[in-house]
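Chain by chain, the residues run as shown.
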Amino acid sequence: MKFKNKGRKIYKTKEKNYYGKSPVGKAFSVGLTVLLIGGIGFIGYSVAEPLLNYNKKKGDNEKTTQNITEDITPTDENGDPVTTENNANPAAPVTVEEYRAFSLNTTDISDAQSIKNALKRIPSGEKIEYIEVPLKVSGGDIYYATNNYYATSSGIIQSYTKLSEIVSAISTAGYKPVATVSTFNDNVVPNYFRDMGFLTIEDGSQWIDNDVDAGGKPWLNPFSESAVDYNSDIVEEISQAGFDKVVCYDFIFPDFRQSDVEYLGEKVVSTDRYMALTSAANTMYDKIMSNGSNMLLEVNASDILKGKKDVLQPMLLKVNTVILNIDLDNISYGVYTGDTVYEFTGTAAENVKKMLDLVSSDVDDFNVAVRVSGSTLSTQDLLDAKKVIEEYGYDSFVLG
């Protein structure tokens, strides 16, 4: 864990004015001071010595005592000494499992044959163990044959491949299947079920993130119980199908302007709004874990750079593994953060290095895997970026 240097605090105090005393007065003051110090020292020693002698255990060496920082020979559960080769220090505790994954896209999972063809793109020699498949994507669309009432009623199902077929195709090829699920960046379902979206405090009308003419759209509201239930039902359905892990992402709020706050209330920008996101994440975690699967949390590096990192609360979250997604397509246009513009105009490897320099400390409190994504990346781009990831000490990664 890294600790940020917050700088040294400097405290200024007013100095007392000792000017104005006569030489005799000064000498008298010095004499009194010496007498006081001597008296205090005598009394302190007289009291301290009996106490020290009283607390000393029988048989203690009066000259020296053992230094508590001295190396102590480790023992096993039976009390026998544990020796290490060449007197080396005992091995450090085993860390969490490595997560080495390759991510497919939505067109790769249209059917079992498409999945088999997509797996041929996996670079050899990289010890890829997991295959990620996008089942619910940013915006709200779903790419599997879900039975969820809200999804089927909203017309967001874009692919009808069965979950069992996806799991089988990946497992048969010798990999472990992982589902990825977008959560609150959903602009379709709240169009049909208004109580899942943000509603104005004045008359309960639907809030959208921009003017209709400018493509304004609603968002799933993390404060809405029905919205949290919808996402929880989706991950429950998926985790029951045999996926080894479920990666959940888009635990974010829309960008609110001051005019939006006037419509929606201060709650949407309050300092404790993160609790809605962490609570939702923990609810989904429980659903996923209860089905024998495991949950990972993905965060977007550009979101973190913009300060949208509400969900990263290690003391509140049950999930402890974070995937840091560096989307090279997204950042190629620059990342705008108030008064600063961060440009990413280098190679894939250079851009990954620059982003890690900027945001890696924000995920220090978690187990971290770094994902390098982008539709325009070649296999060589991904491998070059992976080298940078390894140079930073990360042994878990997602390519694609």
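Residues numbered from 1 in each chain as written. Predicted model: local features only at pLDDT ≥ 70, side-chain atom pairs only at ≥ 80, totals over all residues. Heavy atoms only, no water.

(A) Local environment of the overall build of the protein. Along the protein, the regular secondary structure elements total twelve helices and ten strands. Evaluated residue by residue, the protein yields a buried proportion of 40% over its 400 residues. For the protein, the share of sequence-separated contacts (at least 6 apart) that also reach a separation of at least 24 residues comes to 74%. (Helix = DSSP H or I, 4+ residues; strand = E, 2+ residues; numbered from the N terminus. Buried < 20%, exposed > 50% of the residue type's maximum accessible area, 1.4 Å probe, protein only. Contact = heavy atoms within 4.5 Å.)

(B) Local environment of the pairing of strand β1 (residues 100–103). Covered by surrounding structure in β1 are Arg-100 and Phe-102 together with Ala-101 and Ser-103, the residues of both alternating faces. Taken together, the three bridges between β1 and strand β10 (residues 397–399) define a ladder with parallel strand orientation. In the sheet register, Phe-102 faces β10, and the bridge partner there is Leu-399. Two strands pair when backbone bridges link them, and β1 and strand β2 (residues 130–136) are joined in this way by three bridges, in the parallel orientation. Each residue of the ladder has a partner; that of Ser-103, found in β2, is Glu-132. Remark: the β1/helix α2 (residues 112–118)/β2 crossover connection has right-handed handedness. (Pairing = 2+ DSSP bridges. Right-handed = clockwise from strand over helix to strand, strands pointing away.)

(C) Just the environment of Met-284, in detail. For Met-284, the location among the structural elements is in helix α8 (residues 274–290). Note on Met-284: relative accessible area 0%, which makes it buried. For the pair Met-284 and Asn-231, spaced 53 residues apart in sequence, the C-alpha separation works out to 7.5 Å.

(D) Examining the confidence of the model for the protein more closely. Of the residues in the protein, 76% reach a pLDDT of 70 or more, and the chain-wide mean stands at 82. Taken as a whole, residues 1–79 scores under 50 in pLDDT and shows 18 contacts with residues more than four places along the chain or in a different chain. For residues 81–95, every residue scores under 50 in pLDDT, and the model assigns this stretch nine contacts once sequence neighbours within four places are set aside. (pLDDT = per-residue confidence, 0-100.)

(E) Focus on the sheet that holds strand β5 (residues 294–300). With parallel pairing, eight strands are arranged side by side around a closed barrel as β1-β2-β3-β4-β5-β6-β9-β10. On average, each strand axis in the sheet is tilted by 30° relative to the strand beside it, whichever way the strands run. Pairing between β5 and strand β6 (residues 321–327): four bridges, direction parallel. Bridged to Leu-297 within β6 is Val-322. Where α8 meets the sheet, it contacts β4 (245–249) and β5, and its direction lies at approximately 145° from that of β5. (Axes fitted to C-alpha atoms, helices over the stretch in contact; angles between N-to-C directions.)

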